[in-house]
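What follows is each chain in one-letter form.
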Amino acid sequence: MKCIACCLTFFAVALFWQVLPVQAAEAVIFKGYPKGSIVVRTKERRLYYVLSGDKALRFTVAVGRSGRQWQGRTRVSRKMRNPSWSPPAQIRKDKPHLPKIVPPGPSNPLGAAVFILGNGTYGIHGTNNDSSIGKEASYGCIRMRNADILSLYGRVSVGTPVYVLKN
């Protein structure tokens, strides 16, 4: 019986993420990065997905809070839809009431999908808190609206270069 309840929960969560409306990203002129790369400008709180040598899709994102922002070049090492979330040690220290694992669904802070970056310390992910978008809000991850991360999910592959800039 427990297995049936788990399966029904999984399918309900999958259905929930499937029916989200897809927001149209803004296509903008953008130069200097290879086609297919992701560029995050933390000061702007924008993520750019480069379409060609001079165009990109632009999304508003949430970035790390002051003191938690980072910069550098990395790659997407994994990607997952409907991820579970295991709060890292630093977050568990600040919020000891959190469970060890948050299953997929509307209460999961990773939202509908996640792109794990590099060694897994940070990611680009959806959110269960749309009001954080456009703000300094995270422990260093880049948050997107669920509709936005899902619109990129099919375009982004493992190995996609990611540039995080503080300008």
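Preceding this paragraph is the structure being described.
The structure presented is a predicted model; accordingly, all values stated were derived computationally and were not measured. (Residues numbered from 1 in each chain as written. Predicted model: local features only at pLDDT ≥ 70, side-chain atom pairs only at ≥ 80, totals over all residues. Heavy atoms only, no water.)

How would you explain the sheet that holds strand β4 (residues 55-60) if you had to name every residue and give the values?
The strand order across the open sheet built from nine strands is β1-β4-β3-β2-β11-β6-β7-β8-β10, with neighbouring strands paired in mixed fashion. Two strands close off the open sheet at either side, each with one partner strand: β1 (26-29) and β10 (142-143). Sheet topology places strand β3 (residues 46-50) next to β4; five bridges connect them, and they run antiparallel. Bridge assignment links valine 50 to a residue of β4, and that residue is alanine 56. Each of β3, β4, β6 (72-81), β7 (113-117) and β8 (122-125) touches helix α3 (residues 146-153); the most contacted strand, β7, lies at about 65 degrees to it. (Pairing = 2+ DSSP bridges. Helix = DSSP H or I, 4+ residues; strand = E, 2+ residues; numbered from the N terminus. Contact = heavy atoms within 4.5 Å. Axes fitted to C-alpha atoms, helices over the stretch in contact; angles between N-to-C directions.)

Any details on the side chain of serine 132? Residues and values, ideally.
Looking at the secondary structure, you find serine 132 in the loop between β8 and β9 (136-138). You can call serine 132 buried: its relative accessible area is 4%. Those residues in contact with serine 132 that sit more than four places away from it in its chain are Ala62, Thr127, Ala137 and Arg143. (Buried < 20%, exposed > 50% of the residue type's maximum accessible area, 1.4 Å probe, protein only.)

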